[in-house]
There are 2 protein chains.
Amino acid sequence: MVEHHHHAHAPLTNNGIYVIAPSGAINRPEQVALASENLKKLGFKVKVDRQVKLVHERFAGSDAKRIEAIERAMTQPMDIVMAARGGYGLSRLLPTIDFKAVADSGKVFVGHSDFTAFNLALFAKTGQMSYTGPAMVTDFGVKKPNELTADLFAEVMRGELEILSFESPGSDAFDGRGVLWGGNLAMIMSLLGTPYFPKVSGGILFVEDVNEHPYRVERMLLQLAHSGVLAKQKALLVGHFTDYKLSAQDRGYDIGSVIAHIRKTVGIPVVTGLPYGHTAAKATLPVGAKVGLATEAGMAYLVIHEH
Amino acid sequence: MVEHHHHAHAPLTNNGIYVIAPSGAINRPEQVALASENLKKLGFKVKVDRQVKLVHERFAGSDAKRIEAIERAMTQPMDIVMAARGGYGLSRLLPTIDFKAVADSGKVFVGHSDFTAFNLALFAKTGQMSYTGPAMVTDFGVKKPNELTADLFAEVMRGELEILSFESPGSDAFDGRGVLWGGNLAMIMSLLGTPYFPKVSGGILFVEDVNEHPYRVERMLLQLAHSGVLAKQKALLVGHFTDYKLSAQDRGYDIGSVIAHIRKTVGIPVVTGLPYGHTAAKATLPVGAKVGLATEAGMAYLVIHEH
C-alpha cells in the first residue's frame, strides 16, 4: 500500500515536457507517440526533440547529437525536461555536459536508471536538485501506464506531493531529515572516485537495481561502506531489487540476506519498501533536496514538501 | 602463440603450497585431492588448510573461519599460499585482514578473480607484491590442467620466468617500465574510492573480466578515466573478456568496440592479447612489481625478471 498526501501549491512548472534521449536508442519509435498521448491525458504539453529517434550503435544518436539535445532542452520553453529511457550512454557524456548551464537553465530534469548519472553529477557539480522517476517511453509508452507512477509523477511535477507513505515492515526506527540522494545502485557506484560523485554528509541515500545478483549488490554496498560514504548518511532507504536469479551456489542468499548483512555491519538505520526501482510502480523523487523520513508501526513516511 | 623465456635463478620459494579458500565455497570437494596430485606432479609439496572444505551460505566458511585460515597460512612452513578458487567473499574480509602481518609473513600469495581484492589491498596498504594466476581447485582440480597455465605457474613460483611474449596485433607502439597492477576489472572497480585501491602513478594496468556486458566494461573503464586513474598509467594491458552475450540492442557493439572507444578517448597506449582471464590458459603475473613491456611487429613482450 502506497499513499500520497498532496495539496495545491503554487505551480512548480508550466506543465510542459520536453523529451530527450541521452542514453540508449529507442527500440520501438511508435512508443514515443503513445507516451505523448498518455502524458497529454495527465494534463501536460509535450514536445519531443528531433534527436529522440536517432540510432547510433546502441545509443540514441552519437555522443555529439545527444549533447546537442541536452543543450537545446535548456533553452526551449517547456519547463520539464524528461529522458525517454535509460539504457547506457550518460557515462560517456559526463565530461562534456556543462552542468553549470544545466543548473542555470532553471529546467526541471527527470529520468530513470542510467539517468542517475545525470542526477548525481548535476548535484555534485552545482548543488542543483533534479528528479528521478519514470522515463517517458519506458513508463508512458504503454497502453495503460501504471496509475501510481502516473499520479505521483503528475503530483511531483506540479509541486503538490507532500508525503509519500509506504509499507516498511521490519525497518529500523528512524525519524530525521537530510538530503535525499541516490538512484540506481550500479550507476551510483559507476561515479564513485570521480568528480561526479556527490559529497553528501547527513543524507538519506536511496538505492534500487535490476538484474544484479545479490552478492554483487552486497559488494557494491560494502564498497560504499569501505569508502566511508555509508557511515556519513543518516539512513539507507532501500527500493526494489528485481530480476535476479539465485543459483544453487547461493544457498538461498538473497537480497534480504544482503540487507541483513549490511544492516549488521554498517550500523546506520535501514528503511525498506521504497516504491522505486525497475518496476512498473515507481515514485518520482527529488535528488539533492532536503526531505524528512520517519518510520512508525511498519510504515515509512517520506516528507517531500513541508508546509 | 604464447612464449615464455625462462632461466634458472636462485629459488624463490621452497616449492611448498599451502591452500586456503578466502572466497566462495568449493562445490566439488573431490577436486581438492585431484588438484593436490596435479601440483605434486609439477614438483610442489601441498598442504590444504582445514577451512578449505567448509561451507557457510555461499562462502567457504564464515567470515571468521576464512580470516583464521589466512592467519594460519602466515605461520605454517610452506612458502606459497594459494587460493582454492574465486567467487565472492574477500570484499567482506578486507577491513579485518592484517595486511601488515601478511606482508611481514614473507609468504608468496597467489589467487584468481575475487583474489584481485587481496592482491590490490595488500599492495595499497603495504606496497607488498603478490601474484595473480591460477586458482588451486579451478585450474588444477581437473584431469588435465592447461599446460601453459601449469608451466607458467611453476616457472613464476620458481622465479624462473623472464619474459612472457604473446601475439598483440593492432596494439599501440609501447616500450616502457612501470609497476604492473590490476586483475579482474569488476574487482578493481569494487575497490575504487576505498583505502584498498592502490595509488599507482606510471604503472601498467592490466584487466580482464567474465560475464560482463561490453557496455558495462566500457562504463568501468570510463570510470577509471574520469577518476584520473587511467591517465596516470603508462599503458593499459588488456587480457581476455569472455562469456558475454550481445543482444540485438547492441548492434554489434562488442569488446573490440569498447577498447577502440577507450583508446580514442583516454589517450594512453593500449596493449591487447595478454594471456590472462577466465580462460583455461592464464599467465601467473606479479601484482605490484616493476616490469617492462614492449610491443613490436604484432607481438608484445612482458619482461618480468631482468638479469
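Definitions and cut-offs
- Residues numbered from 1 in each chain as written.
- Chains lettered and ligands numbered in written order.
- Predicted model: local features only at pLDDT ≥ 70, side-chain atom pairs only at ≥ 80, totals over all residues.
- Heavy atoms only, no water.
- Helix = DSSP H or I, 4+ residues; strand = E, 2+ residues; numbered from the N terminus.
- Buried < 20%, exposed > 50% of the residue type's maximum accessible area, 1.4 Å probe, protein only.
- Pairing = 2+ DSSP bridges.
- Axes fitted to C-alpha atoms, helices over the stretch in contact; angles between N-to-C directions.
- Contact = heavy atoms within 4.5 Å.
- Buried area = accessible area lost by both parts, 1.4 Å probe.
- Polar contact = N/O pair within 3.5 Å; in protein donor to acceptor, adjacent residues only side chain to side chain.
- Expected span 1.5 Å × (residues − 1).
- Arc of directions from axis to C-beta.
- Domains from an automatic or database assignment.
- Salt bridge = Lys/Arg side-chain N within 4 Å of Asp/Glu carboxyl O.
- Nonpolar A, V, L, I, M, F, W, Y, C, P; charged D, E, K, R; others polar.

### Quick notes on unusual backbone geometry
Okay, step 1: Phi is positive for A:Arg251, which is not a glycine, with a value near 45°.
Okay, step 2: Although it is not a glycine, B:Asn211 sits at a positive phi angle of roughly 60°.
Okay, step 3: Along the chain, B:Asn211 falls in the loop between β9 (204–210) and α9 (214–226).
Okay, step 4: Residue B:Asn211 is classed as exposed on the basis of its relative accessible area of 55%.

### Topic: the pairing of strand β8 (residues 175–184) of chain A
Residues and elements named next belong to chain A.
Okay, step 1: Counted residue by residue, β8 has seven buried out of 10 residues, so it is predominantly covered.
Okay, step 2: Relative to strand β13 (residues 289–296), β8 runs antiparallel, the two being bridged by six bridges. Across the sheet, Gly178 pairs through a bridge with Val291, a residue of β13.
Okay, step 3: Sheet analysis places β8 next to strand β9 (residues 204–210), joined by five bridges and oriented parallel. Looking at the pairing, Leu180 lines up with Ile204 of β9.

### Some details on the sheet that holds strand β3 (residues 45–48) of chain B
Residue and element names in this part refer to chain B.
Okay, step 1: Read from one edge to the other, the open sheet built from six strands follows the order β3-β2-β4-β5-β6-β12, with strand pairing classed as mixed. Strands at the two margins of the open sheet, each flanked by one partner only, are β3 and β12 (285–287). The average undirected angle you get between the axes of adjacent strands in this sheet is 30°.
Okay, step 2: The pairing of strand β5 (residues 108–111) with strand β6 (residues 130–132) spans two bridges and is classified as parallel. Among the inter-strand pairings, Gly111 is bridged to a residue of β6, identified as Thr132.
Okay, step 3: Of the strands in this sheet, β5, β6 and β12 are in contact with helix α5 (residues 116–126), which crosses β6 at around 155°.
Okay, step 4: The strands touched by helix α7 (residues 147–157) within the sheet are β2 (16–20), β4 (80–83), β5 and β6, with β5 carrying the most contacts at an inclination of about 165°.

### What to know about the interface of chain A and chain B
In many reports, interface size means the accessible area that the parts give up when they come together.
Okay, step 1: Facing the 38 residues of chain A at the interface are 38 residues of chain B.
Okay, step 2: Summing both partners gives a buried area of about 3,300 Å² for chain A against chain B, and 50% of it is carried by carbon and sulfur.
Okay, step 3: Among the residues of chain A in contact with chain B, A:Arg58, A:Arg219 and A:His226 are the three that bury the most area, contributing 21% of the side total.
Okay, step 4: The interface formed by chain A and chain B includes 22 residue pairs in polar contact (both at pLDDT 80 or more).
Okay, step 5: Looking at the side of chain A that touches chain B, the elements that each hand over two or more residues are α3 (90–93), α8 (185–189) and α9 (214–226) of chain A.
Okay, step 6: For the side of chain A that touches chain B, the element with the highest residue contribution is α9(A), accounting for seven residues.

### Topic: the pairing of strand β7 (residues 161–167) of chain A
Along any regular strand, the residues point their side chains to alternate faces of the sheet.
Residues and elements named next belong to chain A.
Okay, step 1: Most of β7 is tucked away, with five of its seven residues classed as buried.
Okay, step 2: Relative to β7, strand β1 (residues 2–6) runs antiparallel, the two sharing five bridges. Across the sheet, Glu3 pairs through a bridge with Ser165, a residue of β7.
Okay, step 3: Judged from the five bridges that link them, β7 and strand β14 (residues 299–303) form a sheet pairing that is antiparallel. Bridged to Ser165 within β14 is Tyr301.

### Regarding helix α1 (residues 30–41) of chain A
For an α-helix, 3.6 residues make a turn, and residues three or four places apart therefore share a direction.
Residue and element names in this part refer to chain A.
Okay, step 1: Its 12 residues place the ends of α1 17 Å apart at the C-alpha level, agreeing with the 16 Å of an ideal helix rising 1.5 Å per residue.
Okay, step 2: Listing the buried residues of α1 in full gives Gln31, Val32, Ala35, Ser36, Asn38 and Leu39. Each buried residue of α1 sits inside an arc of 165° when the element is viewed along its axis, so together they form one side. Facing away from the buried surface of α1 by more than 90 degrees, the exposed residues are Glu30 and Lys41.
Okay, step 3: Packing partners of the buried residues in α1 comprise β2 (16–20), β3 (45–48), β4 (80–83), α6 (136–140) and α7 (147–157).

### Structural notes on the domain arrangement of chain A
Residues and elements named next belong to chain A.
Okay, step 1: Segmentation of chain A into domains returns domain 1 (11–160) and domain 2 (162–303).
Okay, step 2: Here the C-alpha centroids of domain 1 and domain 2 sit 23 Å apart.
Okay, step 3: Contact with domain 1, which involves 31 residues of that partner, is made by 29 residues of domain 2.
Okay, step 4: Of all residues in domain 1, Leu120, Phe123 and Thr132 give up the largest surface area on contact with domain 2, accounting jointly for 25% of the area buried on that side.
Okay, step 5: In this assembly, domain 1 and domain 2 are joined by one salt bridge.
Okay, step 6: As a salt-bridge pair, Lys282 and Asp139 come within 2.4 Å of each other at their nearest N and O atoms.
Okay, step 7: Across the domain 1-domain 2 interface, the total number found is 10 residue pairs in polar contact (both at pLDDT 80 or more).
Okay, step 8: No other element matches helix α5 (residues 116–126), which puts eight residues into the side of domain 1 that touches domain 2.
Okay, step 9: In the side of domain 1 that touches domain 2, the residues fall into 16 nonpolar, 11 polar and four charged.

### Quick look at helix α2 (residues 63–75) of chain B
Residue and element names in this part refer to chain B.
Okay, step 1: All of the buried residues in α2 are Arg66, Ile67, Ala69, Ile70, Ala73 and Met74. One side of α2 carries all its buried residues, which in axial view fall inside an arc of 155°.
Okay, step 2: The elements touched by buried residues of α2 are β2, β4, α3 (90–93) and α4 (99–104).

### Considerations on the sheet that holds strand β7 (residues 161–167) of chain B
All names here are of chain B.
Okay, step 1: Strand order in the open sheet formed by eight strands is β1-β7-β14-β13-β8-β9-β10-β11, with mixed pairing between adjacent strands. The open sheet is flanked by β1 (2–6) and β11 (270–272), the only strands paired with a single partner. Between one strand axis and the next, the sheet turns by 30° as a mean value, whatever way the strands run.

### A short note on the pattern of salt bridges
Okay, step 1: All told, the structure shown has 24 salt bridges over all chains when counted by the stated rule.
Okay, step 2: A salt bridge links A:Asp104 to A:Lys100; the nearest nitrogen and oxygen atoms lie 2.8 Å apart. Of this pair, A:Asp104 and A:Lys100 both sit in helix α4 (residues 99–104), four residues apart, which is roughly one turn of that helix. In terms of burial, A:Asp104 and A:Lys100 fall into one category: exposed.
Okay, step 3: For B:Arg72, the salt bridge is made with B:Asp49, and the minimal N-O distance between the two is 2.7 Å. Remark: B:Asp49 occurs in the loop between β3 and α2 and B:Arg72 occurs in helix α2; sequence separation between them is 23 residues.
Okay, step 4: In this structure, a network of salt bridges that share partners links the residues A:Asp63, A:Arg66, A:Arg92 and B:Glu218.

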